[in-house]
Amino acid sequence: MDGKYIITYLCCLFAISAAGSEQDTTAIANHRNEWQKILLSTIRDNPSFMHDTYVTSLTEFGVKGSYRKADSPLQLETGDGHLLGNLYMQSYLRLNPNNTVWGGASYQTGKKHHIRFNSTSDYDLLYPYVMADTIGGDIENERYAFNGGYALKIKKLTFGAEMDFRAEHEYRTTDPRPRGIVTDLTLRLGLAYDLKRYKIGAGLSGRVYKQTNNVEFYNPLGVIPEFHRTGLGTDYVRFAGTIRSAYYKGTGFMTDFRLAPLTRSGAYCMIEAGYMPYDKILTELNALPISRLEVHRCSVRLGWRCEGDFKWSVSSGWEMEYRRGNEHIAGNSSSTEYKSLITLSMFRNKRSDIYIDGALSMGRLLQLTLHAKIGHLDERSEYVHPQREMAFTKHYGSLSCQFLWRANAQWLLEWSGQIAYFHNASKRITMPYAFMDSQRTLLVNHTYRHKTAHLWKLGAQGSIYHSLKQWKGIGTFLKAALYYHRMSFLHQVETEASIGITF
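Not measured: the values here are computed from a predicted model. Every residue gets a number counted from 1 within its own chain, in the order that chain's sequence is written. Local features in a predicted model are, by the rule used here, given only for residues with pLDDT of at least 70; side-chain atom pairs are given and counted only at 80 or more, and totals for whole chains, interfaces and linings are based on all residues. Computation of side-chain values: all heavy atoms of the structure, hydrogens and water removed.

Q: Explain the sheet that holds strand β4 (residues 131-132) to me, please; I cannot follow it from the model alone.
A: In any sheet, the strands associate via hydrogen bonds between backbone groups, in a parallel or an antiparallel arrangement. Between any two strands, at least two bridges found by DSSP are needed for them to pair. Secondary structure is summarised from DSSP: a helix means a run of H or I of at least four residues, a strand means a run of E of at least two, and numbering begins at the N terminus for each. Pairing is antiparallel across the open sheet formed by three strands, whose spatial order is β4-β9-β10. With partners counted over all chains shown, the strands left at the sheet margins are β4 and β10 (234-235), one partner each. In the sheet, β4 pairs with strand β9 (residues 227-231) via two bridges, with the strands oriented antiparallel. Bridge assignment links M131 to a residue of β9, and that residue is H228.

Below, the structure is given as structure tokens:
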């Protein structure tokens with residue numbers, strides 16, 4: 001495919017740009033420091049703030065493998081595990097005091113296991129309006145992705161631009177045989193200005209999403225109905241059965257405002273708001289639109305940080321996602337054409353997260369970073385008629401730590417660990433069980449049980465970096481990670497390993 005050539009070209013481009021630079025583990029420590037990642041989370045989506053993110057340049061090229069397995073899936077629609085391989089490159093280059101470029105490319109392939117009640121790619125983006133059947137199975141996955149950004153600083157003004165692109169292909173080679181082809185493009189623009197003590201900036205981004213989705217049966221004796229889900233165990237009954245092709249499209253935007261200190265100490269602020277609609281269209285019925293999912297997102301974060309020999313920060317924030325599903329009611333067909341008569345707002349889902357977090361970092365050759373967070377989650381889903389509701393609230397807390405040790409100019413060792421606990425505080429469900437069949441009851445009860453259960457999350461990662469003198473700045477690395485999720489009735493293990501070079 002053409003994506004492989006694009007990725008190869010980008011890798012060569014960044015390799016040539018970084019060639020000849022004498023590097024030791026200083027640049028690696030600057031980029032791998034957890035403190036830098038915490039700061040990056042407040043500015044990442046505005047490219048004008050990326051100019052001063054790091055003081056050094058670094059390119060990393062590697063191969064990563066990921067394996068996940070659960071004895072019961074956290075979510076039936078996304079399966080109980082996967083086996084994926086990934087070839088990737090990521091780079092951040094300070095060309096000079098006024099110009100910075102960054103970017104990356106990746107190719108992923110593998111398999112996702114035991115997916116049920118979902119025949120559509122990108123379930124987390126498009127739910128609940130996906131095609132589904134009751135059999136499911138494993139899904140083959142292939143993904144190409146690349147991104148690139150550029151920031152230019154002229155005196156006190158900084159301009160930034162960035163592009164993210166993803167092309168994904170998912171399919172199954174046994175009946176039922178879903179196939180989803182996704183293209184997802186995001187463009188970001190940002191502008192920032194340096195005041196006496198602060199950098200203040202704003203950004204605007206646009207996103208275009210498309211997916212073609214169909215399901216085929218090669219065995220005529222094994223054909224089963226495909227249904228079009230509409231949320232909380234409901235589906236569009238009129239078009240269930242033989243209508244097995246759909247098309248998704250959407251164009252949305254996001255805007256942001258940010259404030260960051262130019263000195264070692266000061267306040268920081270992040271405000272983001274975005275809107276993304278997804279139209280679902282039945283291609284077999286002359287492009288009949290049957291639903292429109294509107295996704296609204298908003299987040300606010302305020303904090304204070306101090307950087308010296310001893311670094312610390314505190315912040316509080318709020319994140320919200322609101323999904324509204326509008327369903328089009330079509331009239332009678334005329335020469336296989338349907339006209340939309342009325343649009344009803346039937347599905348609603350609101351999820352909010354309020355939190356307080358703090359971090360501290362100390363040391364030079366041996367750096368220790370701690371990050372703690374406590375918060376409150378609230379989620380409510382509703383389907384208007386027949387009345388259905390699923391809601392819960394959770395309190396949570398998390399703690400992570402990182403040890404980063406520069407043994408000398410050629411060796412760097414990293415270890416980090418995380419622990420988090422989500423405690424269910426309340427829950428409620430309203431369902432017309434008397435009118436639901438066994439499969440829909442299974443889906444609803446499984447979703448409710450797993451969403452409202454107490455949850456433990458544990459994780460640990462380790463990395464070794466070695467910069468070789470005889471290779472003129474080229475180094476090698478080896479990484480490994482283990483993640484564990486536990487509920488009273490579920491255990492999930494995920495492992496990752498990667499190897500590659502830095503320059």
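Past the structure itself, the notes keep going.
Q: It is not clear to me how the nonpolar core should be interpreted in this structure. Could you clarify?
A: In a soluble, globular protein the nonpolar side chains are often hidden away together inside. Buried Ala, Val, Leu, Ile, Met, Phe, Trp, Tyr and Cys residues form a nonpolar core when they are joined through side-chain atoms within 4.5 Å. Each residue's exposure class comes from its accessible area (1.4 Å probe, protein chains only) as a fraction of the maximum for that residue type: buried when under 20%, exposed when over 50%, partly exposed otherwise. L126, Y209, F239, Y278 and L282 are the most contacted members of the largest nonpolar core, which has 31 residues in total. Listed by contribution, the elements that provide at least two residues to this core are α4 (123-126), β11 (245-261), β12 (265-282), β13 (288-306), β15 (340-362) and α5 (438-451). With four residues, β13 is the largest single contributor of residues to this core. In terms of nonpolar packing, the next biggest core, distinct from the first, is built from 10 residues, L40, Y54, Y92 and W102 among them.

Q: Whenever I open this one, α5 confuses me. Can you help?
A: In an α-helix, one full turn covers 3.6 residues, which means residues spaced three or four apart are oriented alike. For α5, built from 14 residues, the straight-helix expectation of 20 Å at 1.5 Å per residue is met to within 8% by its first-to-last C-alpha distance of 20 Å. Those residues of α5 lying buried are T441, L443, V444, H446, Y448 and H450. In what follows, residue pairs with any heavy atoms lying within 4.5 Å of each other are defined as contacts. Contacts from the buried residues of α5 go to β9, β17 (388-406), β18 (411-430), β20 (475-487) and β21 (490-502). We define a polar contact as two N or O atoms separated by no more than 3.5 Å, with the added condition that, inside protein, one atom must be a possible hydrogen donor and the other a possible acceptor, whereas residues neighbouring each other in sequence contribute only through side-chain atom pairs. Measuring from the backbone nitrogen of Q439 back to the side-chain oxygen at the start of α5 gives 3.3 Å, which picks out D437 as the cap. Expected span of a helix: the number of residues minus one, times 1.5 Å.

Q: Could you clarify how one ought to interpret the confidence of the model for the protein in this entry?
A: The predicted coordinates ought not to be read in detail in places where the model reports low pLDDT. A score between 0 and 100, pLDDT records how confident the predictor is in each residue. Averaged over every residue, the pLDDT of the protein is 91; residues scoring 70 or more account for 94%. Here residues 16-22 scores under 50 on pLDDT; set against residues more than four positions off or in separate chains, the count is eight contacts.

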